[in-house]
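The lines below spell out each chain.
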Amino acid sequence: MKKLLLLSVAVFFAFAMSAQSFGIKAGGTMSGYKVNFYVPDGANMGEGFHVYGLAELPLKEKIDLRLSLGFNQLGSEFYLEQEQDLGAGPVNTVSDFKKEINYLQFSVTPKFKFGPAYAFIGPYLGYAISGTFSGTYTADGTTLMEVDDVDIFGDV
């Protein structure tokens, strides 16, 4: 996988050096998750950011090739207050968790031009470079579980 990633970076820079146009794309991201096509109660969008280097190569009159390499931060948040019966009567529980995953992403995407409009169609490769998980679970104000920035990809 590392060889493929290094080859992708080398190809990106080789094309970028001969490209007619290049630039930077940056902005915010909002991401969440689904479980079996169902968004669980308490699931919220996580906030992050992305930044990419871009290069465009003209191929034909109406088609360019866009190369991009960048960093993308995705994640999700989960907050749920509810009353549960844990065996000793009703208990008020609060679940509050956050997950962040950082990706290195590379794409080679054709750009089709339709007059002033254009469309990009194509896949990308993403490699997760780091991730953290944190949060708490409390019952009637007593913390039953606390996780503080655990490395998702660390040794288990």
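Refer to the structure printed above.
Since the structure is predicted, the reported quantities are computational estimates derived from the model, not experimental observations.

(A) The arrangement of the environment of Gly23 in detail. Locating Gly23 in the fold gives a position in strand E1 (residues 21–31). Owing to a relative accessible area of 27%, Gly23 belongs among the partly exposed residues under this scheme. Residue contacts for Gly23: discarding those within four places in its chain leaves Tyr52, Gly53 and Leu54.

(B) Main features of the packing of aromatic side chains. Scanning all chains against the criterion turns up 3 aromatic pairs. Judged by centre distance (5.3 Å) and plane angle (40 degrees), the ring pair of Phe49 and Phe71 falls under tilted. Remark: Phe71 occurs in strand E3 (residues 63–85) and Phe49 occurs in strand E2 (residues 43–60); sequence separation between them is 22 residues. Classification of Phe49 as partly exposed rests on a relative accessible area of 41%.

(C) Structural view of the layout of surface pockets. Put simply, the largest pocket is a space of about 240 Å³. Taken together, 14 residues line the largest pocket, and the ones lying closest to its centre are Lys25, Ser68, Ser107, Thr109 and Tyr124. Put simply, the parts of the chain that give the lining of the largest pocket at least two residues each are E2, E3 and strand E4 (90–114). The dominant element in the lining of the largest pocket, judged by the number of residues it contributes, is E4, at 4 residues. For the lining of the largest pocket, the class distribution of residues is 6 nonpolar, 6 polar and 2 charged.

(D) Molecular detail of the side chain of Glu56. Residue placement: Glu56 occurs in strand E2. Within the local environment of Glu56, its side chain forms a polar contact with the side chain of Arg66, the two groups lying 2.9 Å apart.

(E) Spatial organisation of unusual backbone geometry. Phi is positive for Asp140, which is not a glycine, with a value near 50 degrees. By the element assignment, Asp140 lies in the loop between strand E6 (124–139) and strand E7 (142–151). Of note, the phi angle at Asp149 is positive, near 45 degrees, even though the residue is not glycine. Along the chain, Asp149 turns up in strand E7.

(F) Geometry of the environment of Tyr124. Inspection of the secondary structure assignment puts Tyr124 in strand E6. The exposure class of Tyr124 is exposed, given its relative accessible area of 54%. If we skip the residues at most four places from it in the chain, Tyr124 touches Gln105, Phe106 and Ser107.

(G) Up close: the side chain of Ser31. Among the structural elements, Ser31 can be located in strand E1. Reaching out from Ser31, the side chain makes a polar contact with the backbone oxygen of Gly75 at a distance of 2.6 Å.

(H) Local environment of the pattern of salt bridges. Under the defined criterion, the tally for this structure stands at 4 salt bridges. Across the pair Glu56 and Lys111 runs a salt bridge whose closest N-O atoms are separated by 3.2 Å. Within this pair, whereas Glu56 is found in strand E2, its partner Lys111 is found in strand E4, the two being separated by 55 residues in sequence. For the pair Glu56 and Lys111, one class covers both residues: buried. Here Lys98 and Glu100 are joined by a salt bridge, their closest N and O atoms 3.4 Å apart. A single network of salt bridges, built from pairs that share partners, joins Glu56, Arg66 and Lys111.

Calculation notes
Residues numbered from 1 in each chain as written. Predicted model: local features only at pLDDT ≥ 70, side-chain atom pairs only at ≥ 80, totals over all residues. Heavy atoms only, no water. Helix = DSSP H or I, 4+ residues; strand = E, 2+ residues; numbered from the N terminus. Buried < 20%, exposed > 50% of the residue type's maximum accessible area, 1.4 Å probe, protein only. Contact = heavy atoms within 4.5 Å. Phe/Tyr/Trp six-rings, centres within 6.5 Å; stacked < 30°, edge-to-face > 60°. 1 Å grid on protein atoms, 1.4 Å probe; cavity = no way out; pocket = protein on both sides within 12 Å on 5 of 7 lines; lining within 4 Å. Points joined across faces, edges and corners; volume = space filled by probe spheres on them. Nonpolar A, V, L, I, M, F, W, Y, C, P; charged D, E, K, R; others polar. Polar contact = N/O pair within 3.5 Å; in protein donor to acceptor, adjacent residues only side chain to side chain. Salt bridge = Lys/Arg side-chain N within 4 Å of Asp/Glu carboxyl O.

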